[in-house]
Amino acid sequence: MAFDFASLPAVRGKLIENAPLAPYTWFRVGGPADALFLPADEEDLSQFLTALPEDVPVTVLGVGSNLIVRDGGIEGVVVRLAGGYWGNVESEGLLLAARAGALDLSVAKYAARSGLSGLSFFSGIPGTLGGATRTNAGCYGRELKDVLAGARAVTRGGEVVELTPEHFGFSYRHSELPEDLIVTTLILQADGEGDPEALAEEIAAHQARRAETQPIKDKTSGSTFANPDPPDTENQRSAWKLVDAAGCRGLKVGGAQVSEKHCNFLINTGDATAADLEALGELVRARVLDTSGVELRWEVRRIGRLKAD
Ligand SMILES: Cc1cc2nc3c(=O)[nH]c(=O)nc-3n(C[C@H](O)[C@H](O)[C@H](O)COP(=O)(O)OP(=O)(O)OC[C@H]3O[C@@H](n4cnc5c(N)ncnc54)[C@H](O)[C@@H]3O)c2cc1C
C-alpha cells in the first residue's frame, strides 16, 4: 500500500516526503525514507508520535556513521535529531547534560573547555550521543556505559520517560534498549576536574592517532564487525586480525571494498550500493568462518528494505 504522507500529523519542525537518506549517512548509500521528520524539539517529537497511527514504522537516525541504509529505503517515518536544539550541551558541577543530536566530538570539546575530565574519549567517535546509546560506543578503553548517569527518551506512543543506566542493559558494543525508544537527552558524569589545556591536547592526540590508523576521509562506517571477545577478556581476538588472516584486505564487491588501511573498515569507493556493501560484509564473514571458525558479529547496523528488482 502506498504511504499516505498527507495524513501525517502536523509538526512545528520539518516533514519531508520521499526524502533521500544517502546524504545523511557516512557510506552515502541507500534509498529514501517515505517521510523524514526533523522535530523542532522534544515536545514536537512527542506530540507527533502520540498522534501518529500505531502501524506506521518509526526509525531514528543520528549522523549515520554506523549504518547501511538499504537500497530500497526505509518504510514509514525516519526521525533525525539535528540542528540547534538537538545539539545543545550544558553542565553543572561534574554532570553534563547533552541532547541526543549533539556530536560526540562537540561533547568532548565542551567538557574539555569546562575543565571536566574523563569524557575526551568521545572525540574518537564520529557519531551523535543518541547513536552511541545503540552500541554502547567507545574507544581508548572507555565506553558510554562508564559515564552515563541517566537519560530521557520518547516512546513510540509519544510518552516522555526518564531512564537510568540500568534501562540500557549495556555490554560490549551492545545495548538492550527497546528499538522503538528515541533517546532525547543524556546526562554524563565526568570523573573530576581537569586542566582545559591538557584535555584539549588529549583530544588532539586522539584525533591525530585516528587519522593515522583509520580511513576517516573515506565513505565508511567505522568498524564493521565487533571484536569476538569483549575487551576485558584474556587472549582477546581482534576482528581486523581475523579479516586480515582470511585474506580479505582490499577485497571488493562492486563499488565496495575492504579498506587497505584498516581491514575492519568497509569503504564505498565511489559507486557502491548498499547491496554491494552488505554482500562484501557477508563474504568477509564467510571467509573468516572458513579460516578461523569465528562467526563475526556485524557492528554496523543494516536497516531498511532491499531494493525490489
Ligand atoms: C571513521 C569512523 C570511526 C569510528 N570509530 C568508532 C569507535 O572508535 N568506537 C565506536 O563505538 N564507534 C565508532 N564508529 C561508529 C559510529 O561512529 C558509532 O557507532 C556512533 O555511536 C554512531 O552514532 P550516529 O549518530 O552516527 O548513529 P547512526 O549511525 O545514525 O545510528 C546508529 C544506530 O543508533 C540509533 N540511534 C541514533 N540516534 C538515536 C537516538 N537518539 N535514540 C535511540 N537510538 C538512536 C539508530 O537508530 C541506529 O540504530 C566509527 C565510525 C566511523 C565512520
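Computed from a predicted model, the values in this text were never measured in an experiment.

### Considering the domain arrangement of the chain
In step 1: The domain architecture assigned to the chain consists of domain 1 (5–80), domain 2 (88–199) and domain 3 (216–303).
In step 2: One C-alpha centre belongs to domain 2, the other to domain 3; they are set 26 Å apart.
In step 3: Residue-level contacts link 5 residues of domain 2 with 8 residues of domain 3.
In step 4: The contact between domain 2 and domain 3 buries some 590 Å² in all, and 50% of this surface belongs to carbon and sulfur atoms.
In step 5: Between domain 2 and domain 3 we count 2 salt bridges in total.
In step 6: Note that glutamate 179 is salt-bridged to arginine 301, the shortest N-O span being 2.8 Å.
In step 7: Counting the contacts that link domain 2 with domain 3 gives 4 residue pairs in polar contact (both at pLDDT 80 or more).
In step 8: Considered class by class, the residues forming the side of domain 2 that touches domain 3 number 1 nonpolar, 1 polar and 3 charged.

### Points about helix H6 (residues 274–292)
At 3.6 residues per turn, the α-helix brings residues three or four places apart onto the same side.
In step 1: Taking 1.5 Å of rise per residue, 19 residues should cover 27 Å, and H6 covers 27 Å from first to last C-alpha, within 8% of that figure.
In step 2: Of the residues making up H6, those classed as buried are Ala274, Asp276, Leu277, Glu278, Leu280, Gly281, Val284, Arg285 and Val288.
In step 3: Phi turns positive one or two residues past the end of H6, at glycine 293, with a value near 75°.

### Looking at the pairing of strand E7 (residues 95–99)
In step 1: Judged by which residues are buried, E7 turns out to be one-sided: Leu96 and Ala98 face inward and are buried, whereas Leu95, Ala97 and Arg99, on the alternate face, are not.
In step 2: One ladder, built from 4 bridges, connects strand E6 (residues 89–92) with E7; its direction is antiparallel. Of the residues in E7, the one forming a bridge with glutamate 90 is alanine 97.
In step 3: Taken together, the 5 bridges between E7 and strand E13 (residues 182–189) define a ladder with antiparallel strand orientation. Paired with alanine 97 across the bridge in E13 is isoleucine 187.

### A short note on the sheet that holds strand E1 (residues 14–20)
In step 1: One open sheet accounts for 4 strands, arranged E1-E2-E5-E3; its pairing is mixed. For this open sheet the edge positions go to E1 and strand E3 (58–61), each flanked by a neighbour on one side alone. Going from strand to strand, the sheet's axes swing by 30° on average, the running direction of each strand aside.
In step 2: As paired elements, strand E2 (residues 32–38) and strand E5 (residues 74–80) share 4 bridges and run parallel to each other. Note that in E5 the partner of phenylalanine 37 across the bridge is valine 79.
In step 3: Its contacts with the sheet place helix H1 (residues 42–51) against E1, E2, E3 and E5, and it is angled at close to 130° to E2.

About the cut-offs
Residues numbered from 1 in each chain as written. Predicted model: local features only at pLDDT ≥ 70, side-chain atom pairs only at ≥ 80, totals over all residues. Heavy atoms only, no water. Domains from an automatic or database assignment. Contact = heavy atoms within 4.5 Å. Buried area = accessible area lost by both parts, 1.4 Å probe. Salt bridge = Lys/Arg side-chain N within 4 Å of Asp/Glu carboxyl O. Polar contact = N/O pair within 3.5 Å; in protein donor to acceptor, adjacent residues only side chain to side chain. Nonpolar A, V, L, I, M, F, W, Y, C, P; charged D, E, K, R; others polar. Helix = DSSP H or I, 4+ residues; strand = E, 2+ residues; numbered from the N terminus. Expected span 1.5 Å × (residues − 1). Buried < 20%, exposed > 50% of the residue type's maximum accessible area, 1.4 Å probe, protein only. Pairing = 2+ DSSP bridges. Axes fitted to C-alpha atoms, helices over the stretch in contact; angles between N-to-C directions.

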